Amino acid sequence: MLSEFQEIESTAGAQKAADLRKTLHFLMRHQFVFAGDRGAAIAYSTIMDGRFRNVIDNFFDSCGYRVHRDHEAQWAGIVAVDDEVPLPKMKLDETVVALVLAAHWQDEVNVGAVEDRATVVTTLNTLYDRYREIVQTNGKNAMAPSRFHEILREAAQRSLVEIGDFDPDERDHEVRIRPMIKLISGSDALVRLERYARHEEARQPADANGAGDA
């Protein structure tokens, strides 16, 4: 890899080589880049630059990631090839929220309710209500709205969603779900949510018996 960086520095210049390094660090830290986001211009233009495509792809391939690019929706990112790659592990509540986001995005896509760049517009309260319905149907306590909002903010750091300012009249935030969410949750988010619900429902009798024996 060092020789490839040196070649880029000699052919494209030191600044482009520096931009390439910044882009690799950006993707390792945020996983995705969405054109137009604050601070994302260099990373997006570099990862989409054909001159650097092989270097970027080979670098992440050696680390166990596959690079995804969508020129039409103007985003790019990296996804682990298999479970052995040490990506940050999501907690159960974070995983369920990601599945809720993906299922909502897919439902809206299925009926054509999408905005530019394949984004889906909804609200924080709508997403939280959907999440709460899933967990409370199975007798579980839902996380607090503040925790749900915190997880969404973490997703925004990875460019998976964009959260709007608080609307004091509606007492809500607009949330734009971006198409990269399908890579995080898989193409079967709704199926996995239903599987989670069935799993939690099946656990209830055992949990109840355990509590009774205590």
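Our subject is the structure that appears above.
Given the structure is predicted, the values throughout are model-derived calculations rather than measurements.

(A) Expanded view of the packing of aromatic side chains. Under the counting rule described, the total for this entry stands at 6 aromatic pairs. Pairing phenylalanine 60 with tyrosine 65 gives two aromatic rings, centres 6.1 Å apart and planes at 85 degrees, and the pair type is edge-to-face. For the residue pair phenylalanine 60 and tyrosine 65, the accessibility class agrees, reading buried in each case. Geometrically, the ring pair formed by tyrosine 128 and tyrosine 131 is tilted, given 5.8 Å between the ring centres and 45 degrees between the ring planes. Here the residue tyrosine 128 and the residue tyrosine 131 both occupy positions in helix 6 (residues 124-137), the gap between them amounting to 3 residues, near one helical turn. The exposure class assigned to tyrosine 128 is buried, which follows from its relative accessible area of 10%. Owing to a relative accessible area of 4%, tyrosine 131 belongs among the buried residues under this scheme. The structure contains a cluster of three or more aromatic residues connected by ring pairs, namely Phe59, Phe60 and Tyr65. Across from the ring centre of phenylalanine 34, 3.9 Å away, lies the NZ or CZ of arginine 117, which sits over that ring.

(B) Just the environment of threonine 23, in detail. Examined against the element boundaries, threonine 23 turns out to sit in helix 2 (residues 14-30). On the accessibility criterion, threonine 23 (0% relative accessible area) is buried. Residues threonine 23 and serine 45, spaced 22 residues apart in sequence, show a C-alpha to C-alpha distance of 9.1 Å. Threonine 23 has contacts with Ile42, Ala43, Thr46 and Ile47, leaving out every residue within four places of it along the chain.

(C) View of unusual backbone geometry. Positive phi is not limited to glycine here, since glutamine 31 has a value of about 80 degrees. On the secondary structure map, glutamine 31 appears in the loop between helix 2 and strand 1 (32-34). Classification of glutamine 31 as buried rests on a relative accessible area of 7%. Even without being a glycine, alanine 118 presents a positive backbone phi close to 60 degrees. As for its position among the elements, alanine 118 is in the loop between helix 5 (92-110) and strand 4 (120-123). Alanine 118 sits in the partly exposed class, given a relative accessible area of 30%.

(D) Structural detail: the side chain of threonine 122. Tracing the backbone shows threonine 122 in strand 4. Among the polar contacts listed, one links the side chain of threonine 122 to the side chain of histidine 104, at a separation of 3.4 Å. Once you skip the residues sitting within four places of it in the chain, threonine 122 turns out to touch His104, Leu127, His173, Glu174, Val175 and Ile177.

(E) Representation of the sheet that holds strand 5 (residues 161-167). The 3 strands lie next to each other as 4-6-5, forming an open sheet whose pairing is antiparallel. The two strands at the open ends of the sheet, each matched to only one other strand, are strand 4 and strand 5. Strand-to-strand twist across the sheet, computed as the mean angle between neighbouring axes with direction ignored, equals 20 degrees. Sheet topology places strand 5 next to strand 6 (residues 172-177); 5 bridges connect them, and they run antiparallel. Note on strand 6: the bridge partner recorded for glutamate 162 is arginine 176. Of the strands in this sheet, strand 5 and strand 6 touch helix 7 (residues 145-157), which is tilted by about 130 degrees from strand 5.

(F) Local environment of the sheet that holds strand 3 (residues 75-80). Spatial ordering of the open sheet is given by 1-3-2, a layout of 3 strands whose pairing is antiparallel. Only two strands of the sheet have a single neighbouring strand rather than two, namely strand 1 and strand 2 (65-70). Adjacent strand axes in the sheet meet at a mean angle of 15 degrees when their direction is disregarded. Where strand 1 meets strand 3, 3 bridges bridge the pair, whose relative direction is antiparallel. Along strand 3, the bridge assignment pairs phenylalanine 34 with tryptophan 75. In the packing of helix 2 onto the sheet, contacts are made with strand 1, strand 2 and strand 3, and the angle to strand 1 comes to roughly 110 degrees.

Calculation criteria
Residues numbered from 1 in each chain as written. Predicted model: local features only at pLDDT ≥ 70, side-chain atom pairs only at ≥ 80, totals over all residues. Heavy atoms only, no water. Phe/Tyr/Trp six-rings, centres within 6.5 Å; stacked < 30°, edge-to-face > 60°. Buried < 20%, exposed > 50% of the residue type's maximum accessible area, 1.4 Å probe, protein only. Helix = DSSP H or I, 4+ residues; strand = E, 2+ residues; numbered from the N terminus. Lys NZ or Arg CZ within 6 Å of the ring centre and 35° of its normal. Contact = heavy atoms within 4.5 Å. Polar contact = N/O pair within 3.5 Å; in protein donor to acceptor, adjacent residues only side chain to side chain. Pairing = 2+ DSSP bridges. Axes fitted to C-alpha atoms, helices over the stretch in contact; angles between N-to-C directions.

By themselves these figures say nothing about function.
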